[in-house]
Amino acid sequence: MTASFIIRPATAADLADIMSIEHECFPTDAWAEASMRDELTATHTHYYVLLVRDNASGTDSVQGYAGLSKLTSSEQSDVQTIAVLPGNRGKGFGRALMNQLLQTASQQGAKQVFLEVRADNPTAQKLYESLGFKVIDIRRGYYQPDGVDALVMSLDLPSVPANREPIVLGIESSCDETGIGIVRGGTLLANVISSSMDLHARFGGVVPEIAARAHLEALQPTLHKALAEAGVSLNEIDAIAVANGPGLAGALMVGVGAAKALAVGLGKPIYAVNHLVGHVGADVLERGEVEVPTIALLVSGGHTSLLLVRDLLDDVQLLGETIDDAAGEAFDKVARLLGLQYPGGPEIDRAAAEGNPKAIRFPRGLTLPKDMEKHRYDFSFSGLKTAVARWVEVARDGEEEFSVADVAASFREAVVDVLVTKAVNACLDHNVPRLLLGGGVVANKRLREVAAERCAKHGIELRIPAFSLCTDNGAMIAALGAQLVMAGREPSGLGFGADSTLPVTTVQTA
Ligand code: KG4
Ligand code: ZN
């Protein structure tokens, strides 16, 4: 059975667990329960965290804790205590607990942190030294009853200028791309993607279990490549951002686990962000901001969504989405029935170049007046896919020669027509003069042409970020994370999980 460890803030309800560890770790000089209770309840001056083992069976147990006090009027903090049960020592948990305290001290404005350590505990001294603490004093016979000296150590916390742009590392694993991106504020430093697309090719679509396993294998190398490309070390990262949904649950879980491990290990804040809003956030990297209000059309193998964004961090609304297949999925499925390779989008684009888009009039899903009432901004592509399948079947049964190019062009025209019509309607209905495109289907040549034509006709400004920022990538996640950091948002707690159906209205999961 696997267990995972998390660090979370302690409350008075954890007193009994803490006291049992206190007695086990400090048999001769354990704190009295009443003193510990005072520490846990004085939340304005004290900050305690727990190391908790979370067993797959659903039970959890406290394995360690650490506490910090800060005089509200001063810039000095004291590490009050730290303990890890013997069975879990030597695994870096002490460092993770300390990092969490130091990060909190820094966030609360402390400039200096002090601690005392037993002179006969070289292991702890080494840990503190490696974190940058220096011995500044010795208190003779401080620890009673055994009369052991205390070494007083201190650490100067680097003062972070308030206006410095944060370096944020973003992790994306919602579908088949493992993406690691690094940004400094609104500037792109690295965008490395490892795709498992080839592994899915013979299945004609993404296989969730294969994608999840591929993420596990790709994460470390992708991370190292991104750090090298950005020219930064892990210690220079100010915050971690991760897409925790929507997407494939197992795939998301890999990215979320890795992000939490990095955040805890490095003692950095973590921001759980929405994958779809990340697509919109990608525009920050080209323009320094996302101009609002904007309509965003996100079209990929996994999603087809129309958003109204009035504020990137606070006001994202879902106008509509596909009620069956995603647009990219439709391309993939139709390519398959035409005998073309996966992924189908580029193949259909290529075949369609030679075809006549008006050769066959395929249905435009959810565009009839009766559908437009209830589903004005929703999409449906499964009827179109069936229509293409039926058309091909009839042609083959009749042993007619038919032009794959004409079918591809006519199918593509139907998809593009619906996508652009609904997106432009959304702009006009909401009086929003901007349209932003995102997702892998944006590579489609015809989509770009038709969007450009119709936007120009209606005075709508069309934004299409570079293709490497349109497909799923970590840079867009990092960019959205950096916007949250710069807006002074609190990091997410470590309790969040992967949420395959995360709504777009949740830009950041607390
Ligand atoms: O954003 P993306 O890389 O992420 C996933 O959904 O995984 O999108 C991939 C999707 C695939 O379904 C692919 O067929 C589609 O984008 N796609 C295209 C084109 N290039 C890629 N669809 C239409 N035309 C294209 N040229
Ligand atoms: Zn996506």
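Cut-offs applied
Residues numbered from 1 in each chain as written. Chains lettered and ligands numbered in written order. Predicted model: local features only at pLDDT ≥ 70, side-chain atom pairs only at ≥ 80, totals over all residues. Heavy atoms only, no water. Axes fitted to C-alpha atoms, helices over the stretch in contact; angles between N-to-C directions. Helix = DSSP H or I, 4+ residues; strand = E, 2+ residues; numbered from the N terminus. Left-handed = near helix turned anticlockwise from the far one by under 90°. Contact = heavy atoms within 4.5 Å. Nonpolar A, V, L, I, M, F, W, Y, C, P; charged D, E, K, R; others polar. Near = heavy atom within 4 Å. Polar contact = N/O pair within 3.5 Å; in protein donor to acceptor, adjacent residues only side chain to side chain. Buried < 20%, exposed > 50% of the residue type's maximum accessible area, 1.4 Å probe, protein only. Pairing = 2+ DSSP bridges. Donors = N, O, S within 2.8 Å, 3.2 Å for Na, K, Ca; no water. Tetrahedral: all angles 85-135°; square planar, octahedral: opposite > 155°, others 65-115°. Phe/Tyr/Trp six-rings, centres within 6.5 Å; stacked < 30°, edge-to-face > 60°. Lys NZ or Arg CZ within 6 Å of the ring centre and 35° of its normal. Core = buried A, V, L, I, M, F, W, Y, C linked by side-chain atoms within 4.5 Å. Salt bridge = Lys/Arg side-chain N within 4 Å of Asp/Glu carboxyl O.

This next bit is on the packing of helix H10 (residues 327-337) against helix H11 (residues 344-352). Axis separation between H10 and H11 bottoms out at 7 Å; the angle between their running directions is 65°. Crossing handedness for the pair H10 and H11: left-handed. On H11, the residues that touch Phe331, Asp332, Val334 and Ala335 of H10 are Gly344, Gly345 and Ile348. Considering only residue class, the contact of H10 with H11 consists of four nonpolar, two polar and one charged.

Inspection of the region around ligand 1 gives 21 residues, with Asp176, Gly301, Asp332, Gly440 and Asn444 positioned closest. Here an oxygen atom of ligand 1 sits 2.9 Å away from a polar atom, N or O, in the side chain of Asp176. In this structure, Gly328 approaches ligand 1 through a main-chain N or O atom, which is 3.2 Å from an oxygen atom. Breaking the shell around ligand 1 down by element, the ones donating at least two residues are H10 and H11. Of all the elements, H11 adds the most residues to the shell around ligand 1, at four residues. Per-class residue counts for the shell around ligand 1 are six nonpolar, 10 polar and five charged.

Quick look at the pairing of strand E16 (residues 434-438) now. Summarising burial for E16: five of the five residues are buried, a large majority. The alternating pattern of E16 places Arg434, Leu436 and Gly438 on one face and Leu435 and Leu437 on the opposite face, and all of these are buried. Relative to E16, strand E13 (residues 294-299) is paired through four bridges, and the arrangement is parallel. Paired with Leu297 across the strands is Leu437, a residue of E16.

Taken together, His275 (NE2), His279 (NE2), His303 (NE2) and Asp472 (OD) make up the full set of protein donors to the zinc ion (ligand 2), lying 2.1 to 2.3 Å away. If you look at the zinc ion (ligand 2), its four donor atoms make angles of 90 to 155° with each other, and the shape they trace is irregular. Mapping the donors of the zinc ion (ligand 2) onto the primary sequence gives the spacing H-x3-H-x23-H-x168-D. Here His279 is found in helix H8 (residues 275-281), whereas its partner Asp472 is found in the loop between helix H16 (467-470) and helix H17 (474-486), with 193 residues between them in sequence.

Next up on the list: the packing of aromatic side chains. Describing an aromatic ring pair means giving the distance of the ring centres and the angle of the ring planes. Summed over the entire model, instances satisfying the criterion amount to six aromatic pairs. Taking the centre distance of 6.0 Å and the plane angle of 65° together, the rings of Tyr128 and Phe133 count as edge-to-face. Each member of the pair, Tyr128 as well as Phe133, carries the same accessibility label: buried. Considering the side-chain rings of Tyr142 and Tyr143, the 5.1 Å spacing of their centres and the 85° angle between planes classify their relative orientation as edge-to-face. Judged by its relative accessible area of 38%, Tyr142 is partly exposed. By relative accessible area, which is 14% here, Tyr143 ends up buried. The ring centre of Phe379 lies 5.9 Å from the NZ or CZ of Lys422, which sits over that ring.

Let's shift gears to the environment of Val442. Following the sequence through the fold, Val442 ends up in the loop between E16 and helix H15 (445-457). Its relative accessible area of 0% is what places Val442 among the buried residues. For the pair formed by Val442 and Phe467, sequence separation is 25 residues and the distance between their alpha carbons is 7.7 Å. Every residue in contact with Val442, bar those within four places of it in the chain, is listed here: Val299, Leu437, Leu447, Arg448, Ile464 and Cys470.

Attention now moves to the nonpolar core. Ranked by internal contacts, the top residues of the largest apolar core, which has 58 residues, are Met98, Tyr128, Phe133, Leu169, Ile171, Ile182 and Ile240. Apart from residues lying up to four places away in sequence, Ile240 is in contact with Leu169, Ile171, Ala259, Leu262, Ala263, Leu266, Pro269, Ile270 and Tyr271. Membership of the second largest hydrophobic core comes to 49 residues, among which are Leu338, Ala351, Ile360 and Ala423.

Turning our attention to the pattern of salt bridges. The final tally for this structure, using the stated rule, is 27 salt bridges. Taking the shortest distance from any N to any O, the salt bridge between Glu329 and Lys333 comes out at 3.6 Å. Of this pair, Glu329 and Lys333 both sit in helix H10, four residues apart, which is roughly one turn of the helix. Overall, Glu329 belongs to the partly exposed group, its relative accessible area being 28%. Where salt bridges share partners, they join Asp283, Glu286, Arg287, Glu291, Arg434, Glu461 and Arg463 into one cluster.

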